[in-house]
Amino acid sequence: MRIIIQADHEKASLWTAGYIAGKISGCNDKPFILGLPTGSSPLSIYREFIKMHKEGKLSFKNVRTFNMDEYVGLEASHPQSYHYFMTENLFKHIDIDQKHIHILNGMAKDPEKECKLYEEAMAAEGGIDLFLGGMGSDGHIAFNEPGSSLSSRTRIKTLTEETKTANSRFFGGDPSKVPGTALTVGVGTVMDAREVVIIVTGRSKARALRAVVEEGINHMWTLSCLQMHPEAIIVCDEEATEELKTKTVRYFKDIEKNAVIN
């Protein structure tokens, strides 16, 4: 696992956007299968994608996307649905083919079937090349709350009060307005990706980052699964490292100074 430490959120986002753009551009017109998150963590990354596209530096014509999750019970047109979020913050600003965009249907009559078909659609594309994600303050990835199975697949999940409170900023600050369940890719689904890149910024994530990086693999901190992934990168800012040991921070900074790859 690589830990890339940048000065602040903006620099971490720029590094991440540049890294992923390089992967997309380097696929030589072959399909690039990209997993994407929602929430505040990736917004600066998406803005940089849009900027690069408008400057003619990045095309999404050969990109196929699979989003991590969607709330149950929200129409795609609902302002707080992840369909709406992705359209407004990325998709309508780039040259991606609409048929190559995949997002779970929170209004599906048969959620279990929807999840099964989603897994099948990813497999039909040959699997995810790179999954971009964020991390919750309790160390979760997507909606895989603490206690989720580390071999879990795409499924319906009940959200914790901590997650609903964290997401209430998008619902007028009222946790009771946040849907109680969501469809989400599983931990095992994320781990199947050939590469995983997670952006983690801010002091509120410091405790979880310490657990994920310095402690053992634990289903109570689902992102700790990355310790077992052969191509995982966590991109963080200085604030997020505040609970890591000084030796840990120095170790990862020293490695990147002499890194053969970037």
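Look above for the structure.
A brief report on the enclosed structure follows. None of these values were measured; they are calculated from a predicted model. (Residues numbered from 1 in each chain as written. Predicted model: local features only at pLDDT ≥ 70, side-chain atom pairs only at ≥ 80, totals over all residues. Heavy atoms only, no water.)

## Observations concerning the overall build of the protein chain
Step number 1: Across its full length, the protein chain carries eight helices and ten strands.
Step number 2: Its C-alpha atoms give the protein chain a radius of gyration of 17 Å, near enough to 18 Å, the size a compact globule of 262 residues would have.
Step number 3: Across the 262 residues of the protein chain, 54% fall into the buried class.
Step number 4: Sequence separation of at least 24 residues holds for 78% of the intrachain contacts in the protein chain that already meet a minimum separation of 6.
Step number 5: Accessible area for the protein chain stands at about 11,900 Å²; split by element, carbon and sulfur atoms hold 51% of it.
Step number 6: With 31 positive and 35 negative side-chain charges, the protein chain shows a separation of 2 Å between the mean positions of the two kinds. (Helix = DSSP H or I, 4+ residues; strand = E, 2+ residues; numbered from the N terminus. Rg over C-alpha atoms; globule rule 2.2 N^0.38 Å. Buried < 20%, exposed > 50% of the residue type's maximum accessible area, 1.4 Å probe, protein only. Contact = heavy atoms within 4.5 Å. Areas by Shrake-Rupley, 256 points an atom, 1.4 Å probe, with all protein chains shown as cover. Lys, Arg positive; Asp, Glu negative; His and termini not counted. Charge placed at Lys NZ, Arg CZ, Asp CG, Glu CD.)

## What about the pairing of strand E10 (residues 232-237)?
Step number 1: Most of E10 sits out of view: six of its six residues are buried.
Step number 2: Inspection of the sheet shows strand E1 (residues 2-6) paired to E10 by five bridges, in the parallel sense. Counted as the bridge partner of Ile3 is Ile234 from E10. (Pairing = 2+ DSSP bridges.)

## Here's the deal with the packing of helix H2 (residues 43-54) against helix H3 (residues 82-89)
Step number 1: Between H2 and H3, the least distance of the axes is 10 Å, while the angle of their chain directions is 40°. With respect to each other, H2 and H3 are oriented oblique. Here H2 contributes Leu43, Tyr46 and Ile50 to the contact with H3, which in turn contributes Phe85, Met86 and Asn89.
Step number 2: Looking at the contact of H2 with H3 residue by residue, the classes come out as five nonpolar, one polar and no charged. (Axes fitted to C-alpha atoms, helices over the stretch in contact; angles between N-to-C directions. Parallel < 35°, antiparallel > 145°, perpendicular 65-115°, else oblique. Nonpolar A, V, L, I, M, F, W, Y, C, P; charged D, E, K, R; others polar.)

## Considerations on the nonpolar core
Step number 1: Formed by 38 residues in total, the largest nonpolar core has its most connected members in Met135, Val185, Ile198, Val200, Leu209, Leu226 and Ile234.
Step number 2: Top contributing element to this core by residue count: helix H7 (residues 206-214), with five residues.
Step number 3: Core analysis: the second largest hydrophobic core is formed by 34 residues, Phe32, Tyr46, Val63 and Leu132 among them. (Core = buried A, V, L, I, M, F, W, Y, C linked by side-chain atoms within 4.5 Å.)

## Regarding H7
Step number 1: Three or more residues of H7 are buried, namely Ala206, Ala208, Leu209, Ala211, Val212 and Val213.
Step number 2: Buried residues along H7 sit against E1, strand E9 (195-200), E10 and helix H8 (246-257).

By themselves these figures say nothing about function.
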